[in-house]
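Observations on chain architecture
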Amino acid sequence: MGIFSSRGKRHLDGHKDLTHHDDFIDIRGSVKNIYIPIVLPNRKEIELMVKEGDSVKVGTRIGTRNDFYVPIYSPISGVVKGTVSRFDAINGRPVNHLVIENDFEYTREECALRTVNLDNSQEEIFAAIKEAGLVGLGGAGFPTYIKYGKPVGIHSLLVNAVECEPYLTTDYHAIKNDAEYLLKGAQLLVKALGADQAIIAFKVHKEDMKDKILGLLPNYENVKIVEVPDAYPMGWERTLVRQVFKKEYNALPSEVGVVVNNAQTVISLGHALLDGEPLHHRLVTVSGDGIVNPNNVICPIYTPANEVIEACGGYVDADINLIPGGPMCGKAVVKDEFALVPQMGALTVLKAVKYEQQACLRCGECTMNCPSGLQPVEIQIAVKKGDVERMLALKAKSCVECGMCSYVCPSHIDVVENMRKAKLQIRVKETKDALAKKQQEAKEASSTSSK
Ligand code: SF4
Ligand code: SF4
């Protein structure tokens, strides 16, 4: 275990050296089919604009999310083969996927997106951000354009390049390889926000990445860099805003004049806005002691995870834990054929280690280390009792599922899983309460009208 740095933050063994090298594996020439999940976790379906037998190019619009407006573009050229039910890691169950067969030509749509530059108005840049269809590539998958919709009083764009999860190195490599688009993208986003500056935050000791950015910075007067301590969860929005601006907020960083975006999201927006190219491929870190050749893999988005794993030599053993994302925030899945959706930048494969779970010692380590200032030990007692009021009083909804409480627990209790259960129980109760309120209102309205 690492060195204690301060309450709610810890230096962790990053294992980043496993994939720090530049010797990536590119599988764009071998991925035969891609699978686009067409059912979202909220059970809403993507509205498709293509059907079986249609030809598509890289950048062909194949559908739109209709809970939020998020257009979806094909990352390959080829033929639509129809739909098939497959396991989806985000939904945690099988859902329908659109299948596109690769013709390996990678023919591109001309002008897939409308381009903009710094001469365009704030509104025009926002419209282009919305049309790019990007979601946060740091893991959250939240539609990016929403942060740029009605910016009021925003002074800074904070570009999050901290990548504090162990094993992950895609932000680091993406910035090194595409620093110019990071800076150009940041400049456009600053204009879209009507802000004064962009600040790129990354961890100390990333000298080669830092030199790359510093070499370009003289051409970007409203972009700055800041180095932050090598601690977990420094990349969490709230911790990072606190570190850089010394400010606290309730729900969103915009309350203190800040919008935060992940570095790869900014790079991809740079390509979308300046070159008219929607996101079609990305780097995925495949790392951990359970994979034969840890590496970064370049693949079309929506590539099946098992193909990326095979490209890295497969598993060292049958008994492994496969985690989409990093080991702290990610949750192990039991199947590996799920599609790598845009926000999935990592697969962590760890040898299964069996820990005997012990009774809670009431040692308080989880509380001491929670960056949200919660009392996980008390929340899990409330979960066991099914006491939702107590969970609410203990602010369980503020848990960001960073995994720190499980990491520090000497009894090997899966504390974060209990936090997820608390949030689920609260959601269920809130839904039931809202439904009961609606029914009561309908009853009152009908009794009033019948009088
Ligand atoms: S997972 Fe939640 S409760 Fe646990 S340390 Fe992180 S924020 Fe706190
Ligand atoms: S860290 Fe583990 S053992 Fe200690 S109080 Fe929290 S849940 Fe209990």
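Before reading further, recall that the structure is shown in the block above.
Quick look at the structure, then. (Residues numbered from 1 in each chain as written. Chains lettered and ligands numbered in written order. Predicted model: local features only at pLDDT ≥ 70, side-chain atom pairs only at ≥ 80, totals over all residues. Heavy atoms only, no water.)

1. Notes on the pairing of strand 17 (residues 320-324)
For strand 17, the tally of buried residues reaches four of five residues, placing the bulk of the element in the interior. Two strands pair when backbone bridges link them, and strand 17 and strand 18 (residues 346-351) are joined in this way by five bridges, in the antiparallel orientation. Bridged to Leu-322 within strand 18 is Val-349. (Buried < 20%, exposed > 50% of the residue type's maximum accessible area, 1.4 Å probe, protein only. Helix = DSSP H or I, 4+ residues; strand = E, 2+ residues; numbered from the N terminus. Pairing = 2+ DSSP bridges.)

2. Section: the site of ligand 1
Taken together, 13 residues are adjacent to ligand 1, and Cys-370, Cys-399, Cys-402, Gly-403 and Cys-405 come closest. Secondary-structure elements contributing two or more residues to the shell around ligand 1 are helix 10 (404-408) and helix 11 (415-449). For the shell around ligand 1, the per-class residue count stands at ten nonpolar, two polar and one charged. (Near = heavy atom within 4 Å. Nonpolar A, V, L, I, M, F, W, Y, C, P; charged D, E, K, R; others polar.)

3. Comments concerning the nonpolar core
What tends to happen in soluble globular proteins is that the nonpolar side chains get buried as a cluster. Among the nonpolar cores identified, the biggest contains 83 residues, and Leu-157, Phe-338 and Leu-347 are the most heavily contacted of them. Broken down by element, the residue count for this core peaks at 13 residues, all from helix 2 (residues 170-193). Setting aside residues no more than four positions away along its own chain, Leu-157 makes contact with Tyr-148, Ala-186, Leu-189, Val-190, Leu-193, Gln-197, Ala-198, Ile-199, Val-259 and Asn-261. (Core = buried A, V, L, I, M, F, W, Y, C linked by side-chain atoms within 4.5 Å. Contact = heavy atoms within 4.5 Å.)

4. Observations concerning the layout of surface pockets
In this structure, the second largest pocket occupies an estimated 1,300 Å³ of space. As for the second largest pocket, its lining consists of 31 residues, of which Pro-327, Leu-350, Tyr-355, Ser-406 and Tyr-407 are closest to the centre. Of all elements in the fold, only strand 17, strand 18, helix 10 and helix 11 reach the threshold of two or more residues within the lining of the second largest pocket. Of the residues contributing to the lining of the second largest pocket, the split by class is 17 nonpolar, seven polar and seven charged. (1 Å grid on protein atoms, 1.4 Å probe; cavity = no way out; pocket = protein on both sides within 12 Å on 5 of 7 lines; lining within 4 Å. Points joined across faces, edges and corners; volume = space filled by probe spheres on them.)

5. A short note on the site of ligand 2
Cys-360, Cys-363, Cys-366, Gln-380 and Cys-409 are the nearest of the 13 residues found near ligand 2. With respect to the detected pockets, ligand 2 is housed in the largest cavity. Those elements that place two or more of their residues in the shell around ligand 2 are helix 7 (365-369) and helix 8 (376-385). Of the residues contributing to the shell around ligand 2, the split by class is eight nonpolar, three polar and two charged. (Sits in = over half its atoms within 2 Å of the grid points.)

6. Overview of unusual backbone geometry
Of the consecutive residues Tyr-232 and Pro-233, the connecting peptide bond is found in the cis state with omega at 0°. Mapping Pro-233 onto the fold places it in the loop between strand 13 (223-228) and helix 4 (237-245). At Arg-362, a residue that is not glycine, the phi angle is positive and equals roughly 55°. Tracing the sequence through the fold places Arg-362 in the loop between strand 18 and helix 7. You can call Arg-362 exposed: its relative accessible area is 52%.

7. Notes on the sheet that holds strand 17
The five strands are arranged 3-16-15-18-17 in an open sheet whose pairing can be described as mixed. What marks the edges here is a single partner per strand, and that holds for strand 3 (25-26) and strand 17. Along the sheet, helix 2 contacts strand 15 (281-287) and strand 16 (295-300); its crossing angle with strand 15, the most-contacted strand, is approximately 140°. (Axes fitted to C-alpha atoms, helices over the stretch in contact; angles between N-to-C directions.)

8. Some remarks on the pattern of salt bridges
Here the idea is simple: oppositely charged side chains can pair when their charged atoms come close. Within this structure, the stated rule accounts for 24 salt bridges. Across the pair Asp-22 and Lys-176 runs a salt bridge, and its minimum N-O distance is 3.3 Å. Within this pair, whereas Asp-22 is found in the loop between strand 2 (9-10) and strand 3, its partner Lys-176 is found in helix 2, the two being separated by 154 residues in sequence. Here Lys-176 falls in the buried class, since its relative accessible area comes to 13%. A salt bridge links Lys-397 to Glu-430; the shortest N-O distance between them is 2.9 Å. Of the two residues, Lys-397 is situated in the loop between helix 9 (388-393) and helix 10 and Glu-430 in helix 11; the sequence distance between them amounts to 33 residues. (Salt bridge = Lys/Arg side-chain N within 4 Å of Asp/Glu carboxyl O.)

9. Notes on helix 5 (residues 263-275)
In an α-helix, one full turn covers 3.6 residues, which means residues spaced three or four apart are oriented alike. Compared with an ideal rise of 1.5 Å per residue, which puts 13 residues at 18 Å, helix 5 spans 18 Å between its outermost C-alpha atoms and is within 8% of the ideal. Burial within helix 5 is extensive, with eleven of its 13 residues counted as buried. The complete set of buried residues in helix 5 reads Ala-263, Gln-264, Thr-265, Val-266, Ile-267, Ser-268, Leu-269, Gly-270, His-271, Ala-272 and Leu-273. Next to the buried residues of helix 5 lie helix 1 (122-132), strand 11 (156-160), helix 2, strand 14 (258-262) and strand 15. At the N-terminal end of helix 5, a side-chain oxygen is found 2.9 Å from the backbone nitrogen of Gln-264, two or three residues along, and the residue is Asn-262. Just beyond helix 5, the residue with positive phi is Gly-276, at close to 75°. (Expected span 1.5 Å × (residues − 1). Polar contact = N/O pair within 3.5 Å; in protein donor to acceptor, adjacent residues only side chain to side chain.)

10. Quick notes on the environment of Cys-370
Note on placement: Cys-370 falls in the loop between helix 7 and helix 8. For the pair Cys-370 and Cys-405, spaced 35 residues apart in the sequence, the C-alpha separation amounts to 6.4 Å.

11. A few points about the sheet that holds strand 5 (residues 47-48)
Strand order in the open sheet formed by three strands is 5-7-8, and the pairing between neighbours is antiparallel. In this open sheet, the two strands that pair with only one neighbour each are strand 5 and strand 8 (70-73). Inspection of the sheet shows strand 7 (residues 61-65) paired to strand 8 by four bridges, in the antiparallel sense. Counted as the bridge partner of Thr-64 is Pro-71 from strand 8.

12. Thoughts on the state of the cysteines
With the rule as written, the count across this model stands at zero disulfides. In this structure Cys-329 is not part of a disulfide, and its nearest cysteine sulfur, from Cys-402, lies 6.4 Å away. Classification of Cys-329 as partly exposed rests on a relative accessible area of 38%. (Disulfide = S-S within 2.5 Å.)

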